[in-house]
Amino acid sequence: MATVAVDVQGVSKRFRLYHQKYTSLKERVIHTGRTPYTDLWALRDINLEVNEGDTVGILGRNGSGKSTLLKCVCGVLQPTEGQVVVRGKLAGLLELGAGFQPDLTGRQNIYLNGSLLGLSKNEIDRVFDDIVAFAELDQFIDNQVKFYSSGMYVRLGFAVAVNVDPDILVIDEVLAVGDERFQRKCLDRVKQFQDQGRTIIFVSQSPDQVRSVADKVVVLSDGHMVANGGPGEAVRIFREHLNEAGDVLAADQATEEVAPGAAPAPVRVVETTDRLHPIRITEVLPVHPGTGERPYLITGEPLTVTLRYTAAEPTTTASFVVDISDDDGLVLMHTTSSDLDVHLAIAAGTGSVSFRYESFPFLDGLYTVSVGIEGRGGGQLYDWKEGAATVEVMNPTRSVGVVALPVAVTLDQETAVGTWTPVSGASVAVEVER
């Protein structure tokens, strides 16, 4: 039986929102020392077990309670109800600059953070060079950290967290601050921790990153845990809740838009949904040359993915999205109409948009097609269908791997008189391992 590394037992966390504070003695006497407030429950009855060696990703929109949960796990906040049991040494990177003293140098902050994590000076001495090398701050390690950029803060904080040999690593979404190269470096270290069987809990705003890294995914919405399971299903639920949250926001706005003195009109869900989501996907049809005759597509054949939609009103801002993923949930191909510079003028009513892939290059397997409609630039999600269709692929050749790439092979050989004679070969398919 697996050992539980982090056990979150019925955790709820309440904050008090004060609407007015009385500062003078007269006000306090008049109100008998009572300050009006309302309760805000950031977490409600969260139960979660994280086993040793698990990598758990946490998804949720802003304000859903993700960071509050991590702070409860790390002991920064105490739950109002319930408890958190942690077994093993825990290192956390919760927010930009957390645990740093701005007036101290980078060197001094390394020793300060290491001490807070339970390391002796000799232990910190042994890993100090590794921390500085990972953070790439050799030239700035003796400068005060208040002069560091946000990227330097993140590099130093992550370097300390991963080099103190923790059993449990807790990371909030601070990695979004680092550049692409440093993010890859951090993900490589996370993979190394996974191979070593360490426990990782992290928050990210990128469903694709969570899908590719995490073994299990937790989805929070308004302080409640609405999903806890495999990455594919959890990402689907996360995107559904993003849409539902938008519907509620539109309903609130519709209720507020009432003339002074007039009674508020009842809000109809269909009206608010149309306002926020003027276009919806109704059907997804993958078509290939063998459709109707065989259940599979042959590697190299064309594939057309047709998205049928219903539009409640005309729009020129809709961008259609098609994601193709493998069995592990890794997105192999992400295509949007706007990225292809195809700008669609959608009229009210029904219609369809088709994506045609002239040659589907992937080898044997079952591939998942997820589709969506977003505002141009990705700022708003109108609709999303996770796992809307599947495509089975059969490779008739002896090739193995993931993808078939056409390549020409030539042979150059030396003749008896010392000249080189090129010999052309046939085109063959070459597979590239991931």
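Summarised in this report is the structure supplied together with it. What you are looking at is a predicted structure, and each value in this text was computed from that prediction instead of being measured.

## A few points about the overall build of the chain
Within the chain one finds 9 helices and 19 strands. Counting all 434 residues of the chain, 41% fall into the buried class. If you take every contact in the chain between residues at least 6 apart in sequence, the share linking residues at least 24 apart comes to 68%. Total accessible area on the chain stands at roughly 23,000 Å², and carbon and sulfur atoms take up 51% of it.

## Quick look at the packing of aromatic side chains
For the coordinates displayed, the defined rule picks out 8 aromatic pairs. Ring geometry for F360 and F362: centres 5.2 Å apart, planes at 70 degrees, overall edge-to-face. Taking relative accessible area as the criterion, F362 reaches 7% and is therefore assigned buried. Grouping aromatic residues by their ring pairs yields a cluster made of F100, Y148 and Y153. Residue placement shows K13 over the ring face of F15; its charged tip is 5.4 Å from the ring centre. Just above the ring of F193 sits the side chain of R198; from NZ or CZ to the centre is 4.7 Å.

## Let's talk about the pairing of strand β9 (residues 224-229)
The pairing of strand β8 (residues 216-221) with β9 spans 5 bridges and is antiparallel. Bridge pairing in β9 links V217 to G229. Linking β8 back to β9 in an antiparallel pair, the connection comprises 2 residues, with D222 at a positive phi of about 55 degrees.

## Notes on the pairing of strand β17 (residues 381-394)
Walk down a regular strand and you will see the side chains alternate between the two sheet faces. As paired strands, strand β11 (residues 296-298) and β17 are joined by 3 bridges and run parallel to one another. By the bridge assignment for β17, I298 is matched with M394. As defined by bridge partners, strand β16 (residues 365-375) adjoins β17 across 9 bridges and the pair is classed as antiparallel. Bridging from a neighbouring strand, V369 pairs with A389 of β17.

## Some details on the environment of V8
With respect to the helices and strands, the residue V8 is situated in strand β1 (residues 4-18). The class for V8 is buried, based on a relative accessible area of 3%. Sequence separation between V8 and V84 is 76 residues, and the spatial gap between their C-alpha atoms is 4.6 Å.

## Structural notes on the environment of A227
Along the chain, A227 turns up in strand β9. Its relative accessible area of 8% is what places A227 among the buried residues. For the pair A227 and L59, spaced 168 residues apart in sequence, the C-alpha separation works out to 9.5 Å. In this structure A227 touches V217, V218, V219, A234 and I237, once residues within four positions along its chain are discounted.

## What about helix α4 (residues 121-135)?
For α4, which comprises 15 residues, the first-to-last C-alpha distance of 20 Å matches the rise-based estimate of 21 Å (1.5 Å per residue) to within 8%. Where α4 bends most, at V127, the angle is about 45 degrees. Within α4, the full set of buried residues consists of I124, V127, F128, I131, V132, F134 and A135. Elements that come into contact with the buried residues of α4 comprise α3 (106-116), α5 (150-163) and α6 (180-195). Remark: E136 follows α4 within two positions and exhibits a positive phi of approximately 55 degrees.

## Description of the sheet that holds β1
Read across the open sheet, the 3 strands follow the order β2-β1-β4; overall the sheet is antiparallel. Each edge of the open sheet is held by one strand with a lone partner, namely β2 (37-51) and β4 (81-86). Each strand axis lies, on average, 25 degrees off the axis of its neighbour in the sheet, ignoring direction. As defined by bridge partners, β1 adjoins β2 across 11 bridges and the pair is classed as antiparallel. In the strand pairing of β2, V6 is matched with V50.

## Some details on the nonpolar core
Most often, soluble globular proteins keep nonpolar side chains buried together rather than apart. Membership of the largest hydrophobic core comes to 45 residues, with the highest contact counts inside it found for I110, L156, F158 and L169. Here this core gets 9 residues from one element, more than from any other, and that element is α5. Counting 30 residues, the second largest nonpolar core, distinct from the first, contains V284, L303, V353 and V369.

Conventions adopted
- Residues numbered from 1 in each chain as written.
- Predicted model: local features only at pLDDT ≥ 70, side-chain atom pairs only at ≥ 80, totals over all residues.
- Heavy atoms only, no water.
- Helix = DSSP H or I, 4+ residues; strand = E, 2+ residues; numbered from the N terminus.
- Buried < 20%, exposed > 50% of the residue type's maximum accessible area, 1.4 Å probe, protein only.
- Contact = heavy atoms within 4.5 Å.
- Areas by Shrake-Rupley, 256 points an atom, 1.4 Å probe, with all protein chains shown as cover.
- Phe/Tyr/Trp six-rings, centres within 6.5 Å; stacked < 30°, edge-to-face > 60°.
- Lys NZ or Arg CZ within 6 Å of the ring centre and 35° of its normal.
- Pairing = 2+ DSSP bridges.
- Expected span 1.5 Å × (residues − 1).
- Bend = angle between axes of the 7 residues up to and from the residue.
- Axes fitted to C-alpha atoms, helices over the stretch in contact; angles between N-to-C directions.
- Core = buried A, V, L, I, M, F, W, Y, C linked by side-chain atoms within 4.5 Å.

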